[in-house]
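# Observations on chain architecture
Here is how the chains run, residue by residue.
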Amino acid sequence: MARIGVISISDGRDYVHGGIAGFIRTAEDKLADRLGAAGHTVIRGSAPVSTNTLATSVAREVAAVGVDLTVLHYAVWAFPHFTMLAAGSLPGPLLLLSNVDPVQPGMVGMLAAGGALDQIGREHIRLWGDPDSAELIIQIGVHAKAAAAVASLRGATFGRIGGRPMGMNTAVANTDQWQRQFGIDVEEIDQWEIVRRAELADAGEKVKAREWLEQHANVHYDGEKLTPALLERQIGSYMAMRELIDEWNLDFTGIKGQPELTQYFATMDIAEALLNDPYDWNGPKESHVCATEADMDGALTMQLFKQIAHTPVLFADVRHYHSDRDIWDLCNSGQHATWFAARSDDPAENLARVHLYPEVFFFPAGGASVHHLAAPGEMTLGRLTRKDGAYRMQLMLGSFESYDEDTNQALMKQSTFEWPHAFARLDAPAEMFLSRFGANHIHAIPGDHRATVRTACSLLGVTLDEFTRA
Ligand SMILES: C[C@H](O)[C@@H](O)[C@@H](O)C(=O)CO
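Residues numbered from 1 in each chain as written. Predicted model: local features only at pLDDT ≥ 70, side-chain atom pairs only at ≥ 80, totals over all residues. Heavy atoms only, no water.

As annotated in an unreviewed UniProt entry, the protein is FucIase from Kibdelosporangium banguiense.

Rendered as structure tokens:
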């Protein structure tokens with residue numbers, strides 16, 4: 001949940017303010033209470049703003065505590081220049097909220113303040129209604145969560161391990177554009193660091209991890225492309241990534257993988273799956289977004305989605321369209337977090353559905369591919385893509401499906417069985433999707449988060465390109 005500042009704006013005539021201060025206080029108490037009950041941390045202004053000096057000082061106090069979103073609250077007619085002064089000391093996003101109450105002209109106060117902000121080009125959003133309305137509190141929460149997600153990107157570092165894979169232009173973004181639009185720095189690290197560190201990684205930990213995988217997942221050794229030694233090399237790659245993340249303070253990462261590592265070392269499938277998972281053999285941990293093929297826009301989408309949903313994020317190729325069923329096979333070498341198999345907090349429950357198969361012919365270096373089928377449920381799917389240099393969020397609702405065992409197996413066998421799969425029904429006709437979607441990779445989080453994603457995009461200056469059958 002988010003940190004929300006609440007500052008009530010009042011009338012500048014002292015005799016009027018004196019007469020309505022109690023009314024403002026009661027309305028603000030109710031708002032703060034309902035936001036707190038919804039799980040947000042509420043930082044209230046130390047006083048209602050009834051003078052120009054209070055406008056600045058109260059706003060500075062709230063900003064100094066650190067909030068994701070500030071609600072400027074209009075329960076009464078409020079002098080608009082107080083809003084302008086307060087806004088000048090509030091660097092973050094603003095939400096203007098008025099009551100709709102015939103007794104006191106709060107709505108008029110909001111319209112006058114909003115108009116003044118419009119005149120100077122200060123972005124803000126406006127909501128109105130009674131804090132007893134659950135819908136209103138949800139809407140404020142959507143804006144606050146989006147603001148928190150956007151704020152978390154600013155100042156973050158993306159670790160790019162290796163460069164453009166296999167000529168994939170959609171995996172490469174402009175670092176100046178990232179810095180300007182999202183406030184993200186890109187640290188370039190050579191893949192050699194994975195090789196070097198994987199070999200040096202603690203041998204005892206590698207054995208412990210291998211035995212954990214052997215105990216909880218289904219490991220299909222073949223003595224050639226998948227051996228205990230190769231699995232340990234993949235585990236060592238995960239340990240190398242963890243070291244790099246710690247040493248370089250990386251918030252999210254991408255690994256090129258193909259072709260160098262997949263031909264001459266091992267695939268990064270285990271590393272990428274475990275990084276994205278909320279656990280490893282040592283217990284629970286934070287899920288770390290790591291995109292295969294060093295896909296920068298993929299990783300950026302995933303990082304934004306993670307900060308909105310607070311779950312692992314799916315990364316997948318849009319691999320096949322089963323036109324007879326109108327479902328898509330979202331499938332990618334090893335990348336899917338094993339969490340998606342059952343979406344359980346208990347790793348054993350997810351891993352019981354995971355099969356580690358010897359890598360397929362694309363990847364001569366071998367290692368395990370991380371096969372499973374994503375559990376069913378409603379999903380938000382999308383990706384930040386660029387059209388003529390400008391970012392757009394291609395966004396849609398969908399659901400993952402699964403069928404009886406024979407059908408699942410038969411469908412997965414039509415593409416690359418050994419890789420992880422998700423059968424997705426998209427709220428988009430196939431013709432629309434194939435003619436418009438701007439990449440080979442797509443990303444997904446459980447639930448319908450489109451409202452928050454839309455708001456985050458508006459804060460980021462990213463246009464929306466929504467797909468729907470409606
Ligand atoms: C077959 C290739 O090696 C795969 O990596 C390819 O299917 C992709 O994942 C492209 O995103």
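This next bit is on the overall build of the protein. Within the protein, the regular secondary structure consists of 16 helices and 21 strands. Relative to the compact-globule value of 23 Å for 470 residues, the protein shows a C-alpha radius of gyration of 25 Å, a close match. Summarising its shape, the C-alpha atoms of the protein cover approximately 85 × 50 × 40 Å along the three principal directions. Across the 470 residues in the protein, those meeting the buried criterion constitute 58%. In the protein, once contacts between residues fewer than 6 apart in sequence are set aside, the share between residues at least 24 apart is 76%. Carbon and sulfur atoms make up 52% of the accessible area of the protein, which amounts to about 18300 Å² in all. The averaged location of the 60 negative side-chain charges in the protein is 4 Å from the averaged location of its 39 positive side-chain charges. (Helix = DSSP H or I, 4+ residues; strand = E, 2+ residues; numbered from the N terminus. Rg over C-alpha atoms; globule rule 2.2 N^0.38 Å. Buried < 20%, exposed > 50% of the residue type's maximum accessible area, 1.4 Å probe, protein only. Contact = heavy atoms within 4.5 Å. Areas by Shrake-Rupley, 256 points an atom, 1.4 Å probe, with all protein chains shown as cover. Lys, Arg positive; Asp, Glu negative; His and termini not counted. Charge placed at Lys NZ, Arg CZ, Asp CG, Glu CD.)

Turning next to the sheet that holds strand β9 (residues 252-255). Taking strand neighbours across the sheet as the criterion, the four strands line up as β7-β6-β9-β12 in an open arrangement whose pairing is parallel. Either end of the sheet is taken by a strand with one partner, and the two such strands are β7 (185-189) and β12 (290-292). When the angles between neighbouring strand axes are averaged without regard to direction, this sheet yields 20 degrees. Lying on the sheet, helix α12 (residues 296-309) is in contact with β6 (157-161), β7, β9 and β12; it crosses β9 at an angle near 150 degrees. (Pairing = 2+ DSSP bridges. Axes fitted to C-alpha atoms, helices over the stretch in contact; angles between N-to-C directions.)

Let us now look at the environment of Ser399. Tracing the backbone shows Ser399 in strand β18 (residues 390-401). On the basis of relative accessibility, which here comes to 22%, the residue Ser399 falls in the partly exposed class. The spacing of Ser399 and Gly377 is 22 residues in sequence and 5.4 Å in space, taken between C-alpha atoms. Each residue touching Ser399, except ones within four places of it in the same chain, is listed here: Gly377, Glu378, Met379, Phe423, Ala424 and Arg425.

This next bit is on the packing of aromatic side chains. Per the counting criterion, the structure on display carries 18 aromatic pairs. Taking the centre distance of 4.5 Å and the plane angle of 40 degrees together, the rings of Tyr321 and Trp328 count as tilted. We classify Trp328 as buried; its relative accessible area is 2%. Summarising the aromatic geometry, the rings of Phe362 and Trp419 are spaced 5.8 Å apart at their centres and angled 35 degrees between planes, so their arrangement reads as tilted. (Phe/Tyr/Trp six-rings, centres within 6.5 Å; stacked < 30°, edge-to-face > 60°.)

Turning to the pairing of strand β20 (residues 441-446), a few remarks are in order. Counting buried positions along β20 gives six out of six residues, so the element sits mostly inside the fold. Along β20, one buried face is formed by His441, His443 and Ile445 and the opposite face, lined by Ile442, Ala444 and Pro446, is buried too. As defined by bridge partners, strand β17 (residues 377-387) adjoins β20 across four bridges and the pair is classed as antiparallel. Along β20, the bridge assignment pairs Thr380 with Ile445.

This part is about a nonpolar patch on the surface. Nonpolar side chains collect at one region of the surface, where Val100, Met107, Leu111 and Trp128 lie side by side and expose about 420 Å² of accessible area between them. Note on placement: Met107 falls in helix α4 (residues 106-119). (Patch = residues over 30% accessible without salt bridge, like charges linked within 9 Å, V, L, I, M, F, W, Y side chains within 5 Å. Salt bridge = Lys/Arg side-chain N within 4 Å of Asp/Glu carboxyl O.)

What the rule picks out here adds up to 27 salt bridges. Two residues, Glu28 and Arg44, come together in a salt bridge whose shortest N-O distance is 2.7 Å. Of this pair, Glu28 sits in helix α1 (residues 14-37) while Arg44 sits in strand β2 (residues 41-44), and the two are 16 residues apart along the sequence. Residue classification places Glu28 among the buried residues on the basis of a relative accessible area of 3%. In this structure, a network of salt bridges that share partners links the residues Lys30, Asp33, Arg34, Asp130 and Asp132.

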